[in-house]
Amino acid sequence: MPAIRATANTSGAALWTPTSGSHWKAKLDGLKIDNQSPNAEKIELLDCFTTDPSKTNAAGATQNAEDFNTIVASGKIRLQVTVPPAEFVSLGEEDLKGHDFFGTVYVRGDTVSSDCVVVAQYHHE
Amino acid sequence: MIELRPVEVPTTRPKILLYDQWVRFSDKFPSGLSHVKGKYMKVAKQVQVTYPLTRIIKENCYIDIDLSNEDGAERLFPDNDGNLYEILIGLRPGHWWVIPYFPADQPVYRLDYPTMSPLVSDAKLRYLGNIRPEDSPADDPLLRLYAVYKLKPVVLRMVVDAGVDYEKCSMVFDINRCHMEEGTPPEGSRVKFIEYIDELKF
């Protein structure tokens, strides 16, 4: 399974991007956050994708495609963890079960700090 | 006895048509499908082709997938009268299901009482006759369709349940592409009988 490293970034750093039209969901196997900065860091994992046009079950009305690709403004927040200064957080499979990702996944912190490192392990299924 | 879904449940991967195997098409195929109606045919060549299909759908919404060769459809049907496609349809896990329609807007699975047909706008009837990912998983598909040249459209309605926000729905089509030759099976041959889909709507 791949493991990707990124540092906290307020505009979002891409962790992985599936190929266009990917048929898989990504599932997290592990998440490690090493915050060596003097400030607490709020880490979010954002899922960015576009839906397909559909119809509503209730009335058959057109449901237009929706775009969640503007990372900070529209990306779906799938996970949020706040790590105190000089702390290390490790989440395993049990903690991450059910966090499915459909599109490009970004990690975003609430401050810019190269001292806060995020490593995500994931697989597609 | 009550069965959740009265289908054959094999203990291994479902068998597919193989080289040299005989099939017989039902007499109930319409006259427009005279190239197969009531005929015996033998598999002369075969090859398996996989085709995945994925849609990301908002909760409480649906998308119709037309498998035929019509404009804008997926074009998973044979394009000449000598071919038969045995299509195994597997669904990847998620909070969604499919409702098959043939032709186009008529549900395949319904009950006798006139109102007991699948209806996505109805809270109860949207679950009637549905096929869920656990019913036909992608790695062991049980939903099977036999498609011949000029078969009317088969539509799979992909429905996402309420309360799930969004769902990434994936189907995998394992298409056993068979080239058929008409003939008479030798005595004692095992012959697979292929019904017309309308025969399920008795």
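Here the structure is a predicted model, which is why all the values come from computation and not from measurement.

**Q** Could you clarify how one ought to interpret the overall build of chain A in this entry?
**A** Per the secondary structure count, chain A includes two helices and eleven strands. The buried share of chain A, reckoned over its 125 residues, is 30%.

**Q** Help me understand the overall build of chain B, please; the structure alone is not making it clear to me.
**A** Looking only at helices and strands, chain B features zero helices and nine strands. Counted from the first residue to the last, chain B has its helices and strands arranged as β-β-β-β-β-β-β-β-β. The C-alpha atoms of chain B give a radius of gyration of 17 Å, which matches the 17 Å a tight globule of 202 residues would have. The principal-axis extents of the C-alpha atoms in chain B amount to approximately 55 × 40 × 35 Å. Counting across all 202 residues of chain B, residues that qualify as buried make up 32%. Counting only contacts in chain B whose residues sit at least 6 apart along the sequence, the fraction spanning at least 24 positions is 76%.

**Q** For this particular structure, what's the right way to read the confidence of the model for chain B?
**A** Predicted coordinates in areas of low pLDDT are best not read in detail. Chain-level pLDDT for chain B is 92 on average; 93% of the residues reach the 70-or-more range. Prediction confidence for the complex, expressed as pTM and ipTM, is 0.90 and 0.92 respectively.

**Q** Even after reading the chapter, I still don't get the sheet that holds strand β5 (residues 96-101) of chain B, so can you show me in this structure?
**A** Each strand in a sheet pairs with another by means of backbone hydrogen bonds, the pair being arranged parallel or else antiparallel. An order of β6(A)-β5(A)-β3(B)-β7(B)-β5(B) is seen for the five strands of this open sheet, with the pairing classed as antiparallel. Two strands bound the open sheet, and with one partner strand each, they are β6 (62-63) of chain A together with β5 of chain B. With two bridges connecting them, strand β5 (residues 54-56) of chain A and β6 of chain A associate as antiparallel partners. Across the sheet, residue lysine 55 of chain A finds its bridge partner in β6 of chain A, namely threonine 62 of chain A.

**Q** Looking at this model, I keep getting lost on the sheet that holds strand β7 (residues 76-83) of chain A. Mind explaining?
**A** Residue and element names in this part refer to chain A. Overall, antiparallel pairing links the four strands, which are arranged β2-β10-β4-β7 in an open sheet. At either end of the open sheet lies a strand with only one pairing partner, and these are β2 (13-16) and β7. Mean inter-strand twist for the sheet, computed between neighbouring axes without regard to direction, equals 25 degrees. In terms of strand pairing, strand β4 (residues 41-48) meets β7 through seven bridges, oriented antiparallel.

**Q** I keep staring at the interface of chain B and chain A and nothing clicks. Help me out?
**A** Where the parts come together, the accessible area they lose is often given as the size of the interface. Across the boundary between the two partners, chain B contributes 17 residues, which contact 15 residues of chain A. At six residues, the largest contribution of residues to the side of chain B that touches chain A is made by strand β2 (residues 40-58) of chain B. Grouping the amino acids of the side of chain B that touches chain A by side-chain chemistry returns nine nonpolar, four polar and four charged. With two bridges joining them, β5 of chain A and strand β3 (residues 61-66) of chain B adopt antiparallel strand pairing. Considered in β3 of chain B, the bridge of threonine 56 of chain A is made with cysteine 61 of chain B.

**Q** Could you clarify how one ought to interpret the environment of serine 37 of chain A in this entry?
**A** All names here are of chain A. Within the secondary structure layout, serine 37 lies in the loop between β3 (26-35) and β4. Sequence-wise, serine 37 and isoleucine 4 are 33 residues apart; in three dimensions their C-alpha atoms are separated by 20 Å. When neighbours within four sequence positions are excluded, serine 37 is seen to be in contact with Pro85, Ser113, Asp115 and Cys116.

**Q** Looking at this model, I keep getting lost on unusual backbone geometry. Mind explaining?
**A** Residues apart from glycine generally show negative phi values, whereas peptide bonds are mostly found in trans. Residue and element names in this part refer to chain B. Residues phenylalanine 102 and proline 103 are joined by a peptide bond in cis, for which omega reads -15 degrees. If you trace the backbone, proline 103 turns up in the loop between β5 and β6 (143-148). Despite not being glycine, lysine 150 has its phi angle at roughly 70 degrees, a positive value. Tracing the backbone shows lysine 150 in the loop between β6 and β7 (155-160). Its 17 C-beta neighbours within 10 Å are what place lysine 150 among the partly exposed residues.

**Q** Is there a simple way to explain the environment of isoleucine 16 of chain B in this structure?
**A** All names here are of chain B. Tracing the sequence through the fold places isoleucine 16 in the segment before β1 (22-25). In this structure the C-alpha to C-alpha distance between isoleucine 16 and valine 108, which are 92 residues apart in sequence, comes to 22 Å. Apart from the residues within four sequence positions on either side, isoleucine 16 is in contact with Glu86 and Asn176.

**Q** Looking at this structure, I do not really get the pairing of strand β10 (residues 104-109) of chain A. What am I missing?
**A** Regular strands place their side chains on alternate faces of the sheet. All names here are of chain A. Most of β10 is tucked away, with six of its six residues classed as buried. The two faces of β10 match: Thr104, Tyr106 and Arg108 on one face and Val105, Val107 and Gly109 on the other face are all buried. Sheet topology places β2 next to β10; three bridges connect them, and they run antiparallel. If you follow alanine 14 over to β10, its bridge partner there is tyrosine 106.

**Q** It is not clear to me how the environment of glutamate 41 of chain A should be interpreted in this structure. Could you clarify?
**A** Residue and element names in this part refer to chain A. Mapped onto the fold, glutamate 41 is located in strand β4. The buried category is assigned to glutamate 41, around which 23 C-beta atoms lie within 10 Å. Separated by 40 residues in sequence, glutamate 41 and valine 81 have C-alpha atoms that sit 8.3 Å apart. Beyond its immediate stretch of four places on either side in the chain, glutamate 41 contacts Ala8, Asn35, Val83, Gly109, Asp110, Thr111, Ser113 and Cys116.

Reading guide: rules and limits
- Residues numbered from 1 in each chain as written.
- Chains lettered and ligands numbered in written order.
- Predicted model: local features only at pLDDT ≥ 70, side-chain atom pairs only at ≥ 80, totals over all residues.
- Helix = DSSP H or I, 4+ residues; strand = E, 2+ residues; numbered from the N terminus.
- Buried ≥ 20, exposed ≤ 12 C-beta atoms within 10 Å, placed from the backbone.
- Rg over C-alpha atoms; globule rule 2.2 N^0.38 Å.
- Contact = placed C-beta atoms within 7 Å.
- pLDDT = per-residue confidence, 0-100.
- Pairing = 2+ DSSP bridges.
- Axes fitted to C-alpha atoms, helices over the stretch in contact; angles between N-to-C directions.
- Nonpolar A, V, L, I, M, F, W, Y, C, P; charged D, E, K, R; others polar.

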